[in-house]
Amino acid sequence: MLIFATSDKGGTGRSVTSGNMAYRCALSGKHVCYVDFDFGSPTAGAVFNIDGAQHGVTGGGLHSYLLGDTADPERIDIFSRADRLSLRDRPPGSGRLVLLPGDSGGGEFPSSRELVRRCATLFDELNSEFEIVLVDLSAGRSYAAQMVLAAARERPEIPARWLVFHRWTQQHIIAASSLVYGDRGILETGVALGHDREQLLGSLRFIRTAVVEPDAQGLTAEQTAWVNDCNAALQGLARDRGAGKLAVLGSVPLDPVLQWREQLITNRDLTVSRIANPQTAEAFEELARLLTDDAAWETI
Ligand SMILES: Nc1ncnc2c1ncn2[C@@H]1O[C@H](COP(=O)(O)OP(=O)(O)OP(=O)(O)O)[C@@H](O)[C@H]1O
Ligand SMILES: [Mg+2]
């Protein structure tokens, strides 16, 4: 199954959340591949703690593959290559977790027929080898999004789902909704490429990232009341913009570790060093489960 991760704004938490979802999917026994299609800034290697690939690899990455310079894009096995002890050694019962990085010097490039063909071929190969192929796209109305929409249209037999990440703020809700429903958004671009609008919409869910609970401790009574009003207003805005509860796959709480460093939250972070909040890992685990839960994806 292909999972496309996108967001309208940059810095939403798309890569860190996707990386952690991929990790939790692998821990649950699935073979997972993470494809870094953030062409302008391929930094997924940093989230997975891969030394030497923190801003893509030197030649032989996804840029080189799509441009026809290599037949086999580089693959990095996370459980054997991560530069972090708690990620080393695939835990018993886990699936594989493989990163396909971009090229360090690569940038954005316009989609073309040839690129779409190569991209579709890559999807064929990865889909036959991995249960989950998570594709992290560039933010906004990107060439990457256009290319994968076209490639997915060429491979209707491969199940595909879309995740739209956004923070829990006014601007982020408006932007995420516009990326889906607005001019040159995912639906409009998809339909122009031959996708069925309702089917595409049914395969798409929003994920709210770094959400602060309104009743977070340490607020005065006045602050709590104000924050609750704000939260209610955001709920209304999200509902009116088609990003309300029914269209949401889940949300991830603000986590102190992720606020300071982009990384995978391992069980060691929860039980030994106890630096991460268990609710954060539970949210990633639940999202990982929902990715392949058909009931969660019934048409809105
Ligand atoms: N649940 C969370 N709690 C606290 N901080 C978070 C959370 N999720 C992500 N972050 C932090 O937010 C920042 C942006 O996250 P990330 O890099 O994943 O966003 P992105 O949408 O992929 O950005 P870009 O568009 O630059 O690729 C990072 O510093 C990350 O660690
Ligand atoms: Mg990113």
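Attention here is on the structure that accompanies the text. Nothing here was measured: the structure is a model prediction, and the numbers come from that model.

## Structural notes on the side chain of threonine 6
For threonine 6, the position within the fold is in strand E1 (residues 2-6). With relative accessibility at 1%, the residue threonine 6 sits in the buried group. When residues no more than four places from it in sequence are discounted, the contact partners of threonine 6 are Arg14, Leu137, Ser138, Trp162, Leu163, Val164, Phe165, Leu179 and Ile186.

## Examining the pairing of strand E4 (residues 97-100)
Burial along E4 is two-sided: the residues Leu97 and Leu99 and Val98 and Leu100 are all buried. As judged from the four bridges shared by strand E2 (residues 32-37) and E4, these two strands associate in the parallel manner. Each bridged residue has a counterpart across the sheet, and for valine 35 the counterpart in E4 is leucine 100. In this structure, strand E3 (residues 76-77) lies alongside E4, joined through two bridges in antiparallel fashion. Note that in E4 the partner of aspartate 77 across the bridge is valine 98.

## Topic: the pattern of salt bridges
Within this structure, the stated rule accounts for 14 salt bridges. Note that aspartate 8 and arginine 141 form a salt bridge whose closest N and O atoms lie 3.4 Å from each other. Placement of the pair is aspartate 8 in the loop between E1 and helix H1 (14-27) and arginine 141 in the loop between strand E5 (132-137) and helix H6 (143-154), with a sequence separation of 133 residues. For aspartate 8, a relative accessible area of 23% corresponds to the partly exposed category. Look at arginine 141 and you get partly exposed, because its relative accessible area is 30%.

## Examining the sheet that holds E2
The strand order across the open sheet built from eight strands is E3-E4-E2-E5-E1-E6-E7-E8, with neighbouring strands paired in mixed fashion. The sheet terminates laterally at E3 and strand E8 (248-253), the two strands that pair on one side only. Lying on the sheet, helix H13 (residues 278-291) is in contact with E1, strand E6 (160-167), strand E7 (204-211) and E8; it crosses E8 at an angle near 160 degrees.

## Looking at the nonpolar core
Within the largest apolar cluster, 52 residues are counted, with the highest numbers of intra-cluster contacts made by Phe37 and Phe123. For this core, the element with the most residues is H6, which contributes eight residues. Once residues within four sequence positions are removed from consideration, phenylalanine 123 is found in contact with Leu2, Phe4, Phe37, Val135, Val148, Ala151 and Ile158.

## Focus: the site of ligand 1
As a structural note, the neighbourhood of ligand 1 is formed by 18 residues, with Thr12, Ser15, Val16, Arg167 and Leu258 the closest of them. One of the backbone N or O atoms of valine 16 is found 2.8 Å from an oxygen atom in ligand 1. At 2.6 Å from an oxygen atom of ligand 1 is found a side-chain nitrogen or oxygen belonging to arginine 167. Here ligand 1 loses 82% of its free accessible area of 640 Å² to cover by the protein chains.

## Examining the packing of H1 against H13
Taken N-terminus to C-terminus, the directions of H1 and H13 make an angle of 70 degrees; their axes are 8 Å apart at the nearest point. Classified by the interaxial angle, the pair formed by H1 and H13 is roughly perpendicular. Only Ala281, Phe284, Glu285, Leu287, Ala288 and Leu291 of H13 make contact with H1, whose side of the interface consists of Thr17, Asn20, Met21, Arg24 and Cys25. Considered class by class, the residues forming the contact of H1 with H13 number seven nonpolar, two polar and two charged.

## Some details on the state of the cysteines
In total, this model carries zero disulfides according to the counting rule given. The structure places no disulfide on cysteine 33, whose sulfur is separated from the nearest cysteine sulfur, that of cysteine 119, by 12 Å. The exposure class assigned to cysteine 33 is buried, which follows from its relative accessible area of 0%.

## Some details on helix H7 (residues 170-181)
Here H7 is 12 residues long and its end C-alpha atoms lie 16 Å apart, about the 16 Å a rise of 1.5 Å per residue gives. Within H7, burial applies to His172, Ile173, Ala175, Ala176, Ser177, Leu179 and Val180. Looking at the buried residues of H7, the elements they touch are E1, E6, helix H8 (186-192), helix H9 (197-202), E7 and helix H10 (221-240).

Scoring rules and cut-offs
Residues numbered from 1 in each chain as written. Chains lettered and ligands numbered in written order. Predicted model: local features only at pLDDT ≥ 70, side-chain atom pairs only at ≥ 80, totals over all residues. Heavy atoms only, no water. Helix = DSSP H or I, 4+ residues; strand = E, 2+ residues; numbered from the N terminus. Buried < 20%, exposed > 50% of the residue type's maximum accessible area, 1.4 Å probe, protein only. Contact = heavy atoms within 4.5 Å. Pairing = 2+ DSSP bridges. Salt bridge = Lys/Arg side-chain N within 4 Å of Asp/Glu carboxyl O. Axes fitted to C-alpha atoms, helices over the stretch in contact; angles between N-to-C directions. Core = buried A, V, L, I, M, F, W, Y, C linked by side-chain atoms within 4.5 Å. Near = heavy atom within 4 Å. Polar contact = N/O pair within 3.5 Å; in protein donor to acceptor, adjacent residues only side chain to side chain. Areas by Shrake-Rupley, 256 points an atom, 1.4 Å probe, with all protein chains shown as cover. Parallel < 35°, antiparallel > 145°, perpendicular 65-115°, else oblique. Nonpolar A, V, L, I, M, F, W, Y, C, P; charged D, E, K, R; others polar. Disulfide = S-S within 2.5 Å. Expected span 1.5 Å × (residues − 1).

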